[in-house]
Amino acid sequence: MVASLDRFKRQVAYAPIGIDGQRRLAEAKVAVCGLGALGSTIAERLVRCGVGTVHLIDRDWVELDNLPRQALYTMHDAEYHVPKAIAAANRLSEIDPSIQLHPHVCDMTHRNVQSLLTGVDLVLDGTDNFEVRYLINDACVAMCIPWVHGGIVGASGQTMLVEPGRTACFRCLLPDPPPVEGMQTCDSAGVLGPAVGVIASWQALLGLKWLVSNTHPHANAVERDSELAPATLTVFELWTGETRNIQVVPESQCVCCKQRDFPFLTGLHCSDAKVLCGKNAVQITVPALRKLDLASLAKRLGSEGAVIETPFLLRFTFEKFTISVFADGRGIVSGTENPDEARKIYQRWIGG
Ligand SMILES: [Zn+2]
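Anyway, here's the lowdown on the structure attached to this text. Remember, it's a predicted structure, so these values are computed and weren't measured experimentally.

1. Thoughts on the sheet that holds strand E10 (residues 281-285)
Phase 1: Strand order in the open sheet made by the 6 strands is E9-E10-E14-E13-E12-E11, with antiparallel pairing throughout. A single partner strand is all that each edge strand has here, and the edge strands are strand E9 (272-276) and strand E11 (306-309). Pairs of neighbouring strands in the sheet enclose a mean axial angle of 20°, with direction left out of account.
Phase 2: Strands in contact with helix H13 (residues 294-302) are E11 and strand E12 (313-318); relative to E11, the strand with the most contacts, it is inclined by about 165°.
Phase 3: Helix H14 (residues 339-349) contacts E9, E10, E12, strand E13 (321-326) and strand E14 (331-334) of the sheet and is inclined by roughly 55° relative to E10.

Spelled out as structure tokens, the structure:
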């Protein structure tokens, strides 16, 4: 601790952290879910600040077009398609070899989320799709683990700290996932590296603040029947420099934090992937609550690749893949027999 205190002397000198806060950071266990632009920056910030144990969860590998935004990765990682969790752990261990790093190369789903988050004090959202956010919210509320939401498209971003048992949750803000067909994504609207850095740093700051202010992960949890406080959603328009705080009041009928029903955690509201044998294709099924408007989807995808629309389905082709999607959200991704790759392609182009 003496050597590490020297490393952190400027942080320790900041009164709200101090020696006690630094000790709490060293004892803390966090999980960063998703190691793209947000997650890789969050992970770096937390490791450099001395958070003792960091779980790094991501299903992807590093690609060349990640490098403008994703702070931890190099040309070498992109050339060798190194999984992001491994590449991140390699780099972070060079920054501070005393940190316990646990890379998990996997798709976080309802099947593994509870085992991935067991024993974790705080979860940080570095994901880029709604299905995983609702899954994180369900899991964190069920397991009473605070989590820091973050999201960004273009130069518009937002953050929110959810403290189960104490504040409103993500489903109080958005009761159901928004319709995917009109939704802007980082593929359609782009994203700016410096803007991502602001949102990720803000998330890391919210996380640090929570970790140094709470001696026990569940210190703030109160009886479920007690009154919950609003959560603060901070919205950033980074191109114009505007920010605002919105108080998210707890919804008296919230399915998650009030009724304690967790359909994303049980798998009821989660998509699933099934290999179609001999067809070089994977079928993706999604929960019924996400009906698609094929005409709006055709409009959005039209500028990205070849689109054919029939009364029954929409077919979208890019590179070697074709996605056929039906109005009930069911999709068939042709050109792969890898369920993880098919889910990734579906979520990237159709939504998640
Ligand atoms: Zn809620």
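The rest of the description comes next.
2. Things to note about the sheet that holds strand E6 (residues 156-162)
Phase 1: Reading across the sheet, the 8 strands line up as E3-E2-E1-E4-E5-E6-E7-E8 and stay open at both edges, with mixed pairing between neighbours. Both outer strands of the open sheet, strand E3 (100-105) and strand E8 (242-248), are each paired with one neighbouring strand and no more. Ignoring which end each strand starts from, the neighbouring axes of this sheet average 15° apart.
Phase 2: Bridge count between strand E5 (residues 147-153) and E6: 7 bridges; the pairing is antiparallel. Bridge pairing in E6 links Gly 150 to Thr 159.
Phase 3: Its contacts with the sheet place helix H8 (residues 130-143) against strand E1 (29-33), strand E4 (122-125), E5 and E6, and it is angled at close to 170° to E4.

Procedures and definitions
Per chain, the residues get numbers from 1 upward, laid out in the order the sequence is written. With pLDDT at 70 or above as the cut-off, local features in this predicted model cover only qualifying residues; side-chain atom pairs require 80 or more to be listed or tallied, and sums for whole chains, interfaces and linings still use all residues. For two strands to pair, DSSP has to find at least two bridges joining them. Labels follow the DSSP assignment, with helices taken as runs of H or I lasting at least four residues and strands as runs of E lasting at least two, numbered in each case from the N terminus. Lines fitted to the C-alpha atoms define the axes, with helices restricted to the stretch that makes contact. Angles between their N-to-C directions range from 0 to 180 degrees. In this description, any two residues whose backbone-derived C-beta atoms lie within 7 Å of each other are considered to be in contact.

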